[in-house]
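Chain and residue survey
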Amino acid sequence: WERAHPRVVANNENNAEIISQTDAEAARQDQENPEAALTLVEDDLSITIYAVVGAGNLDAEYVEIRNLSSGAVDPAGWQLVDEDGHSFTFPSSPSWVLNSGGAVKILSKKGNNSVIELFWQSDGPIWQSGETASLLDADGNIIASYSIP
């Protein structure tokens with residue numbers, strides 16, 4: 001969250017936001033060598049499906065997944081699935097990881113992916129009240145599940 005939304009410490013005469021030198025340095029170093037700043041966790045994952053919001057309404061529905069692990073995780077190849085056979089596969093990008101304490105929303109509708117929102121690109125709603133959302137690793141093992149109220 002902090003990398004996607006850096007804190008403001010001052011405004012210049014043009015009212016432009018200025019981030020601290022420390023934050024600017026960290027951002028530049030992360031861009032130059034993104035793997036150096038991350039500790040990727042592969043064992044002892046603590047990932048949760050925190051919520052499924054707006055079930056049945058394509059324009060509103062999304063799933064929020066949170067990483068409660070001690071380090072960042074690389075979810076490339078993971079899948080978010082429902083009981084009806086719908087499946088979303090996480091992108092395999094060397095610059096996309098789920099940081100420790102971070103969250104990502106998987107929106108059912110069409111849109112452009114960002115660091116905090118991924119889009120399913122569906123033409124219709126995915127989720128229904130009463131079904132279970134499951135997060136699977138690249139080998140098909142269940143990482144987390146959530147019963148939609």
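The structure under discussion appears in the preceding block.
Thresholds, definitions, all that
- Residues numbered from 1 in each chain as written.
- Predicted model: local features only at pLDDT ≥ 70, side-chain atom pairs only at ≥ 80, totals over all residues.
- Heavy atoms only, no water.
- Pairing = 2+ DSSP bridges.
- Helix = DSSP H or I, 4+ residues; strand = E, 2+ residues; numbered from the N terminus.
- Axes fitted to C-alpha atoms, helices over the stretch in contact; angles between N-to-C directions.
- Salt bridge = Lys/Arg side-chain N within 4 Å of Asp/Glu carboxyl O.
- Buried < 20%, exposed > 50% of the residue type's maximum accessible area, 1.4 Å probe, protein only.
- Contact = heavy atoms within 4.5 Å.

Things to note about the sheet that holds strand β6 (residues 87-89)
Strand order in this open sheet of 4 strands is β6-β5-β9-β10, and the pairing throughout is antiparallel. Edge positions in the sheet fall to β6 and β10 (142-147), since each of these pairs with one other strand and no more. Along the sheet, successive strands turn relative to each other by an average axial angle of 15 degrees, direction set aside. As defined by bridge partners, strand β9 (residues 132-136) adjoins β10 across 5 bridges and the pair is classed as antiparallel. Residue pairing across strands places T132 opposite S147, the latter belonging to β10.

Structural notes on the pattern of salt bridges
Considering all chains together, one arrives at 2 salt bridges under this definition. A salt bridge links R66 to E64, with the nearest nitrogen and oxygen atoms 2.7 Å apart. The class for R66 is partly exposed, based on a relative accessible area of 28%. Close ionic contact of D123 with K110 constitutes a salt bridge, the shortest N to O distance being 2.9 Å. Separated by 13 residues along the polypeptide, D123 in the loop between β8 (117-119) and β9 and K110 in the loop between β7 (103-107) and β8 bring together distant segments of the chain. Since its relative accessible area comes to 68%, D123 is described here as exposed.

Description of the side chain of S108
Of note, S108 is situated in the loop between β7 and β8. The class of S108 is buried, set by a relative accessible area of 0%. Setting aside residues up to four positions removed in sequence, S108 forms contacts with L58, E61, W120, Q121, S122, I126 and W127.

Describing the environment of S145
In this fold, S145 is placed in strand β10. Judged by its relative accessible area of 47%, S145 is partly exposed. Setting aside anything within four residues of it in sequence, one finds S145 in contact with I49, T132, A133 and S134.

Section: unusual backbone geometry
Positive phi, normally seen in glycine, also occurs at Q121, with a value near 70 degrees. Residue position: Q121 is located in the loop between β8 and β9. Here Q121 falls in the partly exposed class, since its relative accessible area comes to 38%.

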